[in-house]
Amino acid sequence: MAAYYDDARVIADEETAAGIKYRLDFVMSPAYTARALAALGKGQFAQASRLLSRSRTLAREQDDTHNQFEVAAVQARVLIAQRKFDEALRIEPPIGSEGVLSGMHGEWFGCRALALAGLGEDAEATRLANDAVNVTSSLEAAGLANAAHIIVATKRGETPDRHVSTWLKRLIDWKYL
């Protein structure tokens, strides 16, 4: 993936500093998650996990289901990046996730689809990847779901279908991959 992880880290650090300075507790969990994503992009998996642990604690203290759900999805991505697919699948979404926005559900399904594709569970990976793009139009969900479709197709020696190939081209053009 190509992105501006150093720039993202600077912005996330500024968000964290503002949250501390102005005592904006609701800002802190997303700020630590953003910092974790920047660390993940740089391959700093231990740092990403530490930041996610802090973010998870804050989200729980605030009874913030959305951010608890986001932490779970990002933690799954950290594990997937390390090819720890079984561990990624053991992460459970927080209780009460029914109220979470569709984009977050799509991202969660996409993460699970990607982990399943990594394990060679093609049918379930495909089902969850389809669920991901059916519940939302989120770029994150589409990127994760289509990555799962591409892995499944490649393992089968197939060419990904045109829709998936089109999304892959878009993701590359947008410098998402």
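Calculation notes
Residues numbered from 1 in each chain as written. Predicted model: local features only at pLDDT ≥ 70, side-chain atom pairs only at ≥ 80, totals over all residues. Heavy atoms only, no water. Helix = DSSP H or I, 4+ residues; strand = E, 2+ residues; numbered from the N terminus. Buried < 20%, exposed > 50% of the residue type's maximum accessible area, 1.4 Å probe, protein only. Polar contact = N/O pair within 3.5 Å; in protein donor to acceptor, adjacent residues only side chain to side chain. Contact = heavy atoms within 4.5 Å. Salt bridge = Lys/Arg side-chain N within 4 Å of Asp/Glu carboxyl O. Expected span 1.5 Å × (residues − 1). Arc of directions from axis to C-beta.

A word on unusual backbone geometry
Of note, the phi angle at arginine 23 is positive, near 55°, even though the residue is not glycine. Phi at arginine 83 is positive, roughly 65°, even though this residue is not glycine. In this structure, arginine 83 sits in the loop between α4 (65-81) and α5 (85-90). Of the residues examined, arginine 83 reaches a relative accessible area of 65% and is grouped as exposed.

Let's talk about the side chain of glutamate 107
Within the fold, glutamate 107 resides in helix α6 (residues 102-119). A relative accessible area of 9% places glutamate 107 in the buried class. Here the side chain of glutamate 107 touches arginine 77 through a polar contact of 3.0 Å, side chain to side chain. What glutamate 107 contacts, discounting residues up to four positions off in sequence, is Ala73, Arg77, Glu140, Ala141 and Leu144.

Side note on the pattern of salt bridges
For the structure on display, the rule yields eight salt bridges. Where glutamate 107 meets arginine 77, a salt bridge forms, and the shortest distance between an N and an O atom there is 3.0 Å. Of this pair, glutamate 107 sits in helix α6 while arginine 77 sits in helix α4, and the two are 30 residues apart along the sequence. Summarising the burial analysis for this pair, glutamate 107 and arginine 77 share the class buried. Residues arginine 77 and glutamate 140 are paired through a salt bridge, measuring 3.0 Å at the closest nitrogen-oxygen approach. In this pair, arginine 77 sits in helix α4 while glutamate 140 sits in helix α8 (residues 139-155), placing the two residues 63 residues apart along the sequence. On the basis of relative accessibility, which here comes to 26%, the residue glutamate 140 falls in the partly exposed class.

Focus on the environment of glycine 103
Within the fold, glycine 103 resides in helix α6. The class of glycine 103 is partly exposed, set by a relative accessible area of 21%. Once the C-alpha coordinates of glycine 103 and threonine 136 are considered, the two residues, 33 residues apart in sequence, prove to be 5.3 Å apart. Once you skip the residues sitting within four places of it in the chain, glycine 103 turns out to touch Thr136 and Ser138.

Regarding helix α1 (residues 5-21)
The terminal C-alpha atoms of α1 lie 24 Å apart, and with 17 residues this matches the ideal 24 Å at 1.5 Å per residue to within 8%. Restricting attention to buried positions, one finds in α1 the residues Tyr5, Ala12, Thr16 and Gly19. Seen from one end, α1 has its buried residues packed into an arc of 60°, which puts them on one side. In α1, the exposed positions angled more than 90 degrees off the buried face are occupied by Ile11, Glu14 and Lys21. If you follow the buried residues of α1, they end up packed against α2 (25-41). A positive backbone phi angle near 55° is found at arginine 23, which sits one or two residues after α1.

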